[in-house]
Amino acid sequence: MSSTSTLGRRLVACLLNVSEARRKELVETVARAAVYHSEGARRDDTTVLNIFNDHDYNRSVITIVAPLDCIRVMITCVCAADEAVLSACEKACELFDMREHVGVHPCMGAVDLVPFYPLGEEVGVQDCANQARAVARGLTDKVPGAAAFLFGWADPLQRGLAQRRKEMGWFKKSVDIQKIQADIGPLPQRRFGLTGVGASPYVMNCNVTIDTQDLAMGREIASAIRESAPGGLPGVQVLALPHEGAVEIACNVESVKGSPPTRSSDPWPSFSIDGQSYCHAPASLITGRVAELAGQQGVSVKGTALVGFTPRECRSLAEVALSQGIAEFWREQRRLRM
């Protein structure tokens, strides 16, 4: 992502994950809370680029982009992105109740995940870490009973999201939420659950659907391509989940430090933060690896979908939306992209 911007803004993205998709009108209410004040006035320099809803997962991802630059209010510093994301989180906690949630995707909170990503070299690691911590504190202050754990740059121990989720029991089918010790806030309540808040280089979500209902096969493929496996793909964290009568290989594609591999037939997108180079596995490579492994068992790939955008797309579309003053950009697209 180039540091050159026609707008000169220091932009950050938050791919807000909420545990609701089947009542799309309520999810849109959460999205609007990010771009409008409670009295209805539009927030300056804030846009929602995309809303992705998945019925089977009962999970939605809302892509919010705003500048990091702060405006001073009395003795406090309120960032546009902080305010937008926190307002959306508050609205989600008001509307969604984890005691009523049903879906095949793992989750622990009504607001399940609040990840911040820098969109360009102008925004540094510490900027995003401070922002994530501020939102975590704000959420637990404004919503009595809300609780949060920190990950990535926001975590004092710099633990990644996958590690923190394992520690919290996020991957388990059932867990006593009220016995988990949050990093910020009280012991979690069943209504709100537990929210992960953090910051990292951009994480792309790439989901590949294979034409089978054999979940065991899907798990074998997931185990083979995830980063921790011998020959696995760097930065790729994977779940295999039943989805619309098939199996979806759901991948979190984390950006990893270093330059792109020179011998890869699929170019790895790259960018830098605070002078450190990062790159991430391309969707084409992930699809190809899944297709190869599934094909060995006589199963074909039905399709690949991205939840939201690649890092470069996110930056580019944000600049279009903000330069034109479009708050509800997801409506302008006339499509909901995965």
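Before going into details, it helps to say that this report is about the structure given with it.

**A short note on the sheet that holds strand β7 (residues 147-152)**
- Sheet architecture is open: six strands sit in the order β2-β3-β1-β6-β8-β7, paired in mixed fashion. Unpaired on one side and paired on the other, β2 (47-54) and β7 mark the two borders of the sheet. Averaged over neighbouring strand pairs, the angle between their axes works out to 15° when direction is ignored.
- Two strands pair when backbone bridges link them, and strand β6 (residues 111-118) and strand β8 (residues 194-199) are joined in this way by four bridges, in the parallel orientation.

**Quick look at the nonpolar core**
- Leu16, Val48, Ile62, Ile64 and Val114 are the most contacted members of the largest nonpolar core, which has 54 residues in total.
- Ranked by the residues each element gives to this core, the list is headed by helix α2 (residues 80-95), at nine residues.
- Look past the residues within four positions of Ile64 in its chain and what remains in contact with it is Val12, Ala13, Cys14, Leu16, Ala34, Thr46, Thr47, Val48, Ala84, Val85 and Ala88.
- With 28 residues, the next largest nonpolar core counts Val208, Ala222, Val238 and Val299 among its residues.

**Description of the packing of aromatic side chains**
- Per the stated rule, a full pass over the model turns up three aromatic pairs.
- Relative to Phe171, the ring of Trp170 lies with its centre 4.9 Å away and its plane at 90°, an arrangement referred to as edge-to-face.

**Topic: the packing of α2 against helix α3 (residues 125-142)**
- It is at 10 Å that the axes of α2 and α3 come closest, and there the two elements cross at 35°. When the axes of α2 and α3 are compared, the crossing they make is right-handed. Together, Ala81, Asp82, Val85, Leu86, Cys89, Glu90 and Cys93 of α2 and Gln131, Ala134, Val135, Gly138, Leu139 and Lys142 of α3 make up the contact between the two elements.
- For the contact of α2 with α3, the class distribution of residues is eight nonpolar, two polar and three charged.

**Thoughts on the environment of Ser259**
- By secondary structure assignment, the location of Ser259 is in the loop between β12 (256-257) and β13 (270-273).
- A relative accessible area of 60% places Ser259 in the exposed class.
- Measuring from C-alpha to C-alpha, the distance between Ser259 and Ser270 comes to 7.2 Å, with 11 residues separating the pair along the chain.

**Some points on the packing of helix α5 (residues 215-225) against helix α6 (residues 283-295)**
- Where α5 contacts α6, the two axes come as close as 10 Å, and the packing angle between them is 135°. Viewed along their axes, α5 and α6 adopt a mutual orientation that is oblique. Crossing handedness for the pair α5 and α6: right-handed. Contacts from Ile221, Ala224 and Ile225 of α5 reach α6 at Arg289, Val290, Leu293 and Ala294.
- Across the contact of α5 with α6, the residue classes tally to six nonpolar, no polar and one charged.

**Comments concerning the sheet that holds strand β15 (residues 301-307)**
- Pairing within the open sheet is antiparallel, and its four strands lie in the order β10-β11-β9-β15. Edge positions in the sheet fall to β10 (236-243) and β15, since each has one partner strand and no second. Between one strand axis and the next, the sheet turns by 20° as a mean value, whatever way the strands run.
- Pairing analysis gives eight bridges linking β10 to strand β11 (residues 246-254), with the strands arranged antiparallel. Residue pairing across strands places Pro242 opposite Val247, the latter belonging to β11.

**Quick notes on the pairing of β6**
- Summarising burial for β6: eight of the eight residues are buried, a large majority.
- Sheet topology note: the strand β1 (residues 11-18)/β6 ladder contains five bridges and is antiparallel. Counterpart to Val18 in the pairing with β6 is Val111.

**A short note on the layout of surface pockets**
- A volume near 1,000 Å³ is recorded for the largest pocket.
- Along its surface, the largest pocket is lined by 45 residues, and Leu161, Ala162, Gln237, Asn252 and Glu254 are the ones closest to its centre.
- At five residues, helix α4 (residues 161-168) tops the list of elements feeding residues into the lining of the largest pocket.
- Split into classes, the residues belonging to the lining of the largest pocket amount to 24 nonpolar, 13 polar and eight charged.
- Estimated volume of the second largest pocket: approximately 690 Å³.
- Forming the walls of the second largest pocket are 30 residues, and the residues nearest its centre are Pro106, Cys107, Trp170, Lys172 and Lys173.
- At five residues, the largest contribution of residues to the lining of the second largest pocket is made by β10.

Conventions and cut-offs
- Residues numbered from 1 in each chain as written.
- Predicted model: local features only at pLDDT ≥ 70, side-chain atom pairs only at ≥ 80, totals over all residues.
- Heavy atoms only, no water.
- Pairing = 2+ DSSP bridges.
- Helix = DSSP H or I, 4+ residues; strand = E, 2+ residues; numbered from the N terminus.
- Axes fitted to C-alpha atoms, helices over the stretch in contact; angles between N-to-C directions.
- Core = buried A, V, L, I, M, F, W, Y, C linked by side-chain atoms within 4.5 Å.
- Buried < 20%, exposed > 50% of the residue type's maximum accessible area, 1.4 Å probe, protein only.
- Contact = heavy atoms within 4.5 Å.
- Phe/Tyr/Trp six-rings, centres within 6.5 Å; stacked < 30°, edge-to-face > 60°.
- Left-handed = near helix turned anticlockwise from the far one by under 90°.
- Nonpolar A, V, L, I, M, F, W, Y, C, P; charged D, E, K, R; others polar.
- Parallel < 35°, antiparallel > 145°, perpendicular 65-115°, else oblique.
- 1 Å grid on protein atoms, 1.4 Å probe; cavity = no way out; pocket = protein on both sides within 12 Å on 5 of 7 lines; lining within 4 Å.
- Points joined across faces, edges and corners; volume = space filled by probe spheres on them.

Function cannot be inferred from these measures alone, as they are strictly geometric.
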